[in-house]
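Letter by letter, the chains look like this.
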Amino acid sequence: MKEPNVKDLKKYLQGMAKLPKAKYITSERLSRIVGIYPEVINENLSYFDPMVKMDYEFNLLELVPQMKKFIEAKEAKRAPTPKPVVVKKDEIDLYDNYFDFIYKKLTYGGMIDKSVELSDKDLKILKKLISEELANRKGKK
């Protein structure tokens, strides 16, 4: 069976939460709240219990714990995507050229410090400064 979509499951749970005192919710009743055909709801929820497809009077409240567990597992599995490093123009303007960057970042008291590690942002700034220098040299030829 195909796994249900987490977004749809959240929509179903939200619809069930709109009826807090209901002790029995069928796919027909949920379809009126959510706005999705009962057959589609039954198809999605048959992943948790295959009887949902055959029995239109199945109480969907029995599936709520399984649905919540499934959603938590899917969201825990999804790792946050790291944001790309962005270099702004004013950060590049702090340095006159690539040599100035090297002098400010990699030296200590006029001596080169070999133990300095540049961050991703520093490397991007250096890359931009070097590409500007190459563009200036091409323009002079």
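Data block above holds the structure.
Residues numbered from 1 in each chain as written. Predicted model: local features only at pLDDT ≥ 70, side-chain atom pairs only at ≥ 80, totals over all residues. Heavy atoms only, no water.

Membership of the largest hydrophobic core comes to 21 residues, with the highest contact counts inside it found for L9, Y12, L30, L45, L60, L63 and M67. Secondary structure elements with two or more residues in this core: α1 (6-17), α2 (27-34), α3 (38-45) and α5 (64-77). Residue contributions to this core peak at five residues, all from α1. Ignoring sequence-local partners within four residues, the contact set of L45 consists of L9, Y12, V52, L60, L63 and M67. Counting seven residues, the second-largest nonpolar core is a separate cluster that includes V87, Y95, L126 and L129. (Core = buried A, V, L, I, M, F, W, Y, C linked by side-chain atoms within 4.5 Å. Buried < 20%, exposed > 50% of the residue type's maximum accessible area, 1.4 Å probe, protein only. Helix = DSSP H or I, 4+ residues; strand = E, 2+ residues; numbered from the N terminus. Contact = heavy atoms within 4.5 Å.)

Once that is clear, we can look at the pattern of salt bridges. Here the structure, examined in full by the defined rule, presents eight salt bridges. Its salt-bridge partner being E91, residue K121 comes within 3.1 Å of it at the nearest N-O pair. Remark: E91 occurs in helix α6 (residues 89-92) and K121 occurs in helix α8 (residues 120-140); sequence separation between them is 30 residues. Take K121: its relative accessible area is 34%, and that puts it in the partly exposed class. One salt bridge connects D122 with K105, and the closest N-O pair in it is separated by 3.3 Å. Placement of the pair is D122 in helix α8 and K105 in helix α7 (residues 98-106), with a sequence separation of 17 residues. Judged by relative accessible area, which is 13%, D122 ranks as buried. Given a relative accessible area of 30%, K105 falls into the partly exposed group. (Salt bridge = Lys/Arg side-chain N within 4 Å of Asp/Glu carboxyl O.)

Moving on: the environment of K10. Structurally, the position occupied by K10 is in helix α1. Looking at K10, the relative accessible area reads 39%, which means it is partly exposed. Sequence separation between K10 and R78 is 68 residues, and the spatial gap between their C-alpha atoms is 16 Å. What K10 contacts, discounting residues up to four positions off in sequence, is I71 and E75. One polar contact links K10 to E75, side chain to side chain, over a distance of 2.4 Å. (Polar contact = N/O pair within 3.5 Å; in protein donor to acceptor, adjacent residues only side chain to side chain.)

Mapped onto the fold, K68 is located in helix α5. Its relative accessible area of 46% is what places K68 among the partly exposed residues. Considering only alpha carbons, one finds K68 and L9, 59 residues apart in sequence, at a separation of 8.5 Å.

A few words on the packing of α1 against α2. Two elements in contact, α1 and α2, have axes separated by 9 Å at closest approach and are oriented at 95°. Here α1 is positioned roughly perpendicular relative to α2, judged by the angle of their axes. Across from K11, Y12, G15 and M16 in α1, the residues of α2 making contact are L30, I33 and V34. Classifying every residue of the contact of α1 with α2 by side-chain character gives five nonpolar, one polar and one charged. (Axes fitted to C-alpha atoms, helices over the stretch in contact; angles between N-to-C directions. Parallel < 35°, antiparallel > 145°, perpendicular 65-115°, else oblique. Nonpolar A, V, L, I, M, F, W, Y, C, P; charged D, E, K, R; others polar.)

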